[in-house]
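# Architecture and fold: a report
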Amino acid sequence: MSEADHSIVRLDGVEKHFGAVHALNTVDLVVTPGECLGLVGHNGAGKSTLMNVLAGTQIPDQGRIVIRGIDSTDGYTVATAKQHGIRCVFQELSLCPNLTVAENARVMHRALTGFGWRRRAAALILRDLDEIFPGHGIASQEIVGDLSIAKRQMVEIARAFSVTDAPADLVILDEPTSSLDAVVAQQLLTFVRRHVAAGGACVLISHLLGEVLSTADRIVVMRDGAVVEVRKASDFDRDSLVTAMGSVAKDGDGAGAAYASKRADGSPKVRARPAGQVEGPDLTAHAGEIVGLAGLAGHGQTDMLIQLHAARPSTRHTHVHGPVALVAGDRQTDGIFPLWSIAGNITIRSIRHLLRHALIDAAAEREMASQWQQRIGIRTPDMENNILSLSGGNQQKALFARALASDAEILLMDDPMRGVDVGTKQEVYRIIRDEAANGRTFIWYTTEMDELKHCDHVYVFRDGAIVADLTRREVTEEKLLHASFEAAE
Amino acid sequence: MIATLLTPRFLRNALPALSLTVLLLAIFYLQPRAMSYFGLNLLLNLALPIAFATIAQMCIITVNDLDLGVGAYVGLVAAIGATWLNETPLLGAAALLGCIAVYAALGALIHLRNLPSIVVTLGMSFVWLGLALLVLPTPGGKVPDWIRAIMTLKTPFLPFTIYAAIGVGVIVHFGLMRSSYGVVLRGAGGNPRSVSRAGWSLLRTKVTMFALAGFFGMLSGLSLIGLTTSADANIALRYTLLSIAGVILGGGEFVGGRISPIGAVIGAMTLTLAASFLSFLRLPPDWQIGAQGGILILVLAFRAVINRAEARR
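Remember, predicted model here, so these are calculated numbers, not experimental data.

### As for the overall build of chain A
A count of helical and extended segments in chain A gives 17 helices and 21 strands. On C-alpha atoms alone, chain A measures out to a radius of gyration of 23 Å, which is about the 23 Å that the 2.2 N^0.38 rule sets for 489 residues. Counting only C-alpha atoms and orienting by the principal axes, one finds that chain A spans roughly 70 × 55 × 45 Å. With the model as given, the accessible surface of chain A reaches about 20,300 Å², and the carbon-plus-sulfur share is 52%. Taking the 50 positively charged and 62 negatively charged side chains of chain A as two groups, their mean positions are separated by 3 Å.

### A look at the side chain of Arg 106 of chain A
Its place among the elements puts Arg 106 of chain A in helix H4 (residues 101–108). Although Arg 106 of chain A is buried, it makes no salt bridge; Asp 165 of chain A carries the closest opposite charge, 9.0 Å away. Discounting chain neighbours no more than four positions away, the residues touching Arg 106 of chain A are Leu 112, Thr 113 and Trp 117 of chain A together with Ser 180, Tyr 181, Val 183, Val 184 and Trp 200 of chain B.

### Some remarks on the pattern of salt bridges
This model, assessed by the stated rule, comprises 22 salt bridges over all chains. Salt-bridge contacts for Arg 349 of chain A lead to Asp 407 of chain A; the nearest nitrogen and oxygen are separated by 3.5 Å. One end of the pair, Arg 349 of chain A, is in the loop between helix H12 (342–347) and strand E16 (355–356); the other, Asp 407 of chain A, is in the loop between helix H14 (392–405) and strand E18 (410–414), and 58 residues separate them in sequence. For Arg 349 of chain A, a relative accessible area of 29% translates into the label partly exposed. For Glu 253 of chain B, the salt bridge goes to Arg 258 of chain B, with nearest N and O atoms at 3.8 Å. We classify Arg 258 of chain B as partly exposed; its relative accessible area is 31%. When salt bridges that share partners are traced, they join Arg 10, Asp 12, Arg 64 and Asp 71 of chain A into one network.

### Points about the environment of Thr 228 of chain B
Residue and element names in this part refer to chain B. Checked against the element boundaries, Thr 228 lands in helix H13 (residues 202–228). Given the relative accessible area of 31%, Thr 228 is considered partly exposed. The spacing of Thr 228 and Gly 251 is 23 residues in sequence and 30 Å in space, taken between C-alpha atoms. Engagement of the side chain of Thr 228 in a polar contact is seen with the backbone oxygen of Ser 230, the distance being 2.8 Å.

### With respect to the sheet that holds strand E10 (residues 226–232) of chain A
Residue and element names in this part refer to chain A. In space, the six strands of this open sheet follow the order E6-E7-E8-E3-E9-E10, with mixed pairing throughout. What marks the edges here is a single partner per strand, and that holds for strand E6 (86–89) and E10. The sheet shows a mean angle of 20 degrees between the axes of neighbouring strands, direction not considered. Two elements, E6 and strand E7 (residues 170–174), share four bridges in a ladder whose sense is parallel. Counterpart to Arg 87 in the pairing with E7 is Val 171.

### Regarding the interface of chain B and chain A
Much of the literature gives interface size as the accessible area that the parts lose upon coming together. At the junction of the two partners, chain B supplies 23 residues and chain A supplies 26 residues. Around 2,000 Å² of area is buried between chain B and chain A when both sides are counted, 48% of it from carbon and sulfur atoms. Looking only at chain B, the three residues that lose the most surface to chain A are Ser 180, Arg 197 and Trp 200 of chain B, adding up to 31% of its buried area. There are one salt bridge connecting chain B and chain A. A salt bridge links Arg 186 of chain B to Glu 103 of chain A; the nearest nitrogen and oxygen atoms lie 3.0 Å apart. Our enumeration of links across chain B and chain A arrives at 13 residue pairs in polar contact (both at pLDDT 80 or more). Among the secondary structure elements, those contributing two or more residues to the side of chain B that touches chain A are helix H10 (160–178), helix H11 (180–190) and helix H12 (192–197) of chain B. The greatest single-element share of the side of chain B that touches chain A, amounting to seven residues, is contributed by H11 of chain B. Of the residues contributing to the side of chain B that touches chain A, the split by class is seven nonpolar, 10 polar and six charged.

### A closer look at the side chain of Gln 396 of chain A
All names here are of chain A. Relative to the helices and strands, Gln 396 resides in helix H14. Here Pro 416 takes part through its backbone oxygen, which lies 3.4 Å from a polar atom of the side chain of Gln 396. Setting aside its immediate chain neighbours within four residues, Gln 396 contacts Val 327, Ala 328, Arg 331, Pro 416 and Val 420.

### Description of helix H3 (residues 37–44) of chain B
Residue and element names in this part refer to chain B. Those residues of H3 that sit buried are Gly 39, Leu 40, Leu 43 and Leu 44. One side of H3 carries all its buried residues, which in axial view fall inside an arc of 110 degrees. Those residues of H3 that are exposed and aimed more than 90 degrees away from the buried face are Phe 38 and Leu 42.

### Quick look at the packing of aromatic side chains
Residue and element names in this part refer to chain B. All chains considered together, the criterion is met by eight aromatic pairs over all chains. Judged by centre distance (5.0 Å) and plane angle (65 degrees), the rings of Tyr 73 and Trp 128 are edge-to-face. Of the two residues, Tyr 73 sits in helix H5 (residues 70–82) while Trp 128 sits in helix H8 (residues 117–135), which places them 55 residues apart along the sequence. With respect to burial, Tyr 73 and Trp 128 carry one shared label: buried.

### Topic: the sheet that holds strand E21 (residues 465–471) of chain A
Residue and element names in this part refer to chain A. Pairing is mixed in the open sheet, where six strands are placed in the order E15-E18-E19-E13-E20-E21. Each edge of the open sheet is held by one strand with a lone partner, namely strand E15 (324–327) and E21. Shown here is a sheet whose adjacent strand axes are inclined to one another by a mean of 20 degrees, direction ignored. Two elements, strand E20 (residues 457–462) and E21, share six bridges in a ladder whose sense is antiparallel. Bridge pairing in E21 links His 457 to Thr 471. Each of strand E13 (290–294), E15, E18, strand E19 (441–445) and E20 touches helix H10 (residues 301–310); the most contacted strand, E18, lies at about 150 degrees to it. Contacting E13, E18 and E19, helix H15 (residues 422–437) crosses the sheet at an angle of about 145 degrees to E19.

### With respect to the nonpolar core
Residues and elements named next belong to chain B. Judged by nonpolar contacts, the single largest core of 91 residues is most densely connected at Leu 44, Ile 55, Met 58, Tyr 73, Tyr 103, Leu 222 and Tyr 239. Sort the elements by how many residues they give to this core and helix H4 (residues 47–62) lands first, with 12 residues. Apart from the residues lying within four places of it in its own chain, the contact partners of Tyr 103 are Ile 60, Asp 67, Gly 69, Val 70, Tyr 73, Trp 128, Phe 210, Ala 213 and Gly 214.

### Quick notes on the packing of H4 of chain A against helix H6 (residues 149–161) of chain A
All names here are of chain A. It is the contact of H4 with H6, at a shortest axis distance of 10 Å, that shows an interaxial angle of 40 degrees. Classified by the interaxial angle, the pair formed by H4 and H6 is oblique. Note on packing geometry: the crossing formed by H4 with H6 is right-handed. Residues Val 101, Asn 104, Ala 105, Val 107 and Met 108 of H4 pack against Val 155, Arg 159 and Ala 160 of H6.

Conventions and cut-offs
- Residues numbered from 1 in each chain as written.
- Chains lettered and ligands numbered in written order.
- Predicted model: local features only at pLDDT ≥ 70, side-chain atom pairs only at ≥ 80, totals over all residues.
- Heavy atoms only, no water.
- Helix = DSSP H or I, 4+ residues; strand = E, 2+ residues; numbered from the N terminus.
- Rg over C-alpha atoms; globule rule 2.2 N^0.38 Å.
- Areas by Shrake-Rupley, 256 points an atom, 1.4 Å probe, with all protein chains shown as cover.
- Lys, Arg positive; Asp, Glu negative; His and termini not counted.
- Charge placed at Lys NZ, Arg CZ, Asp CG, Glu CD.
- Buried < 20%, exposed > 50% of the residue type's maximum accessible area, 1.4 Å probe, protein only.
- Salt bridge = Lys/Arg side-chain N within 4 Å of Asp/Glu carboxyl O.
- Contact = heavy atoms within 4.5 Å.
- Polar contact = N/O pair within 3.5 Å; in protein donor to acceptor, adjacent residues only side chain to side chain.
- Pairing = 2+ DSSP bridges.
- Axes fitted to C-alpha atoms, helices over the stretch in contact; angles between N-to-C directions.
- Buried area = accessible area lost by both parts, 1.4 Å probe.
- Nonpolar A, V, L, I, M, F, W, Y, C, P; charged D, E, K, R; others polar.
- Arc of directions from axis to C-beta.
- Phe/Tyr/Trp six-rings, centres within 6.5 Å; stacked < 30°, edge-to-face > 60°.
- Core = buried A, V, L, I, M, F, W, Y, C linked by side-chain atoms within 4.5 Å.
- Parallel < 35°, antiparallel > 145°, perpendicular 65-115°, else oblique.
- Left-handed = near helix turned anticlockwise from the far one by under 90°.

Here is the structure:
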């Protein structure tokens, strides 16, 4: 193999088991300098495990890891990977929230030590932030915990590309754009191309197929722990990629169906105005409607949801009629109870209805859990297992089940599909449409254009205010971008 | 503009110093004679051992653990200091080093076996107390002269305690907040996984912090007997809770590696002064502990208000 001579990393027949689960099944992979490798597949296809093996955080049961032609399988650790310039941006954010931006750079770089290290760390991280995300607005002495989730992700990405004594030859990005808005995501993808053109390499893992198709040189498709396809990106298109993943996705199934106003009769279930807004349209939602909140990330959509959630029954600018449930977007901090079982995580919102003689009726609780396991398709042998035993997508399904199983008539969703695979998304979309048809109201903040096509009405947010109110018929990407950026031009 | 934006964060950092100042002013108002070298010395001389114990506790809290044995440990150090260290200094010094080694081993044990630190340190508190009673069954003993000499040092302008407390705060501040390895130690409290993914040993951070706690606990015990001239196994049992309160009062948090060494020293001083303040108010002793709790709640409530203001920003 001629590739072996100049490849950065070569994996030969790597296998990894977790108990009975075959997470990686004889995987071969080559990454050469000057290329961006796209890695796609469903949740649970083994992408994250593969990446952990590359990064040295998990040791494969079998197979060889060859770095620059040298077999490095024995004693391959994080330190070895770092030494050889292999860096990783993990899906869940892995910065220390109690440290400043510059201090987090120090945690990554052993070379930042001795007199004046703070100044050097600040210069290092700011240089990379400036290069990748011009106009990022992050100061090096800010505490990471005070930053928005998007900015944290930017810091983490910049940190992965920063270079001191060890090079950053191969940077693995796992869902790097999941918390970024379209503009910043594009900045990153552009930078990835520059990095690759300069002789570096990237592995890009993403559920946004358009992103992978436009950025990667080669695409590796994984399914059930094995690599099923490797081709040049130009040989794929969206449909062939989806087919290769073995996805059940039918694009636009029911989405974009004919728009019919549901506002003809009855009073709205929700009427609200963002706290900082003086004039402009109010947000309204009627029974059976799916209402989308759009705009760039962090422009007040989440605040709106919190405002609605806190305003039961009503405050001056916020009228909410009916019980409310929230599906959190930041699973780890706002969503799951990490020490509880799956069943416990689902039933907690409805516990009041599961009482018998002031105690929780265990049988009813079990029944509710198993009923929702079937309805929403949570893949687990036992609902009494810990919630963390589920893959990310299935955890998110459990959070949906929690909200849907409740008595809530109004469901607030805070960009819940972050990092969820296409198949799961389609299943959840179907459930949302069914539930809306039953008269439930959905208020849905999303950063993905495709999801807005499911909405009857879309409200575009900018700087904490609603700047546009579009019906499904009117929603186009151009219009949304136009509304999101009007002020900047 | 920027100054006003920074206000809540600045306030939060300044709150410990602010509480101390208010308390000090109140004391001076009630008892003007306290505003002298001698008066300050009387008010604050017991603050130094508490400050050391608080720093010890803070080291443990940095890595998301809690030490429920620090009071008993200080008692053991005091017992060793007033007996072996005086009679056979070599044996005494070896015993004290051994204590620090045990602390380091506790850190390793807690990390490797993934045990709850509360249980381990609570268990150890009985061991410390038992050992202290074996070394010094009845109160007494004699303190080495050099310790006595250090603790009764006459310094210009302000009492020794104040210089020493400032010195401790500044040194630990540079060690934990400014040094490059200090960042890793605090990071291990903030997000252990991230730190280990960056290639650092979590075992080493935990052992380091526990050993440091053992070291500062030792300084607490030695400085305490320097003031009291004799020891008692039960001399410092209340330090356990005082030290925790001091860390929190000084702006630290129980989890997440958010700590402040200078704040912790100030917190320890505030707690010491609160007791004197209540005596000056002629509050009956029965009420004093409750009132001390009241002061604590007051300061923490202020912090909660500031945090809210910050969140609303």
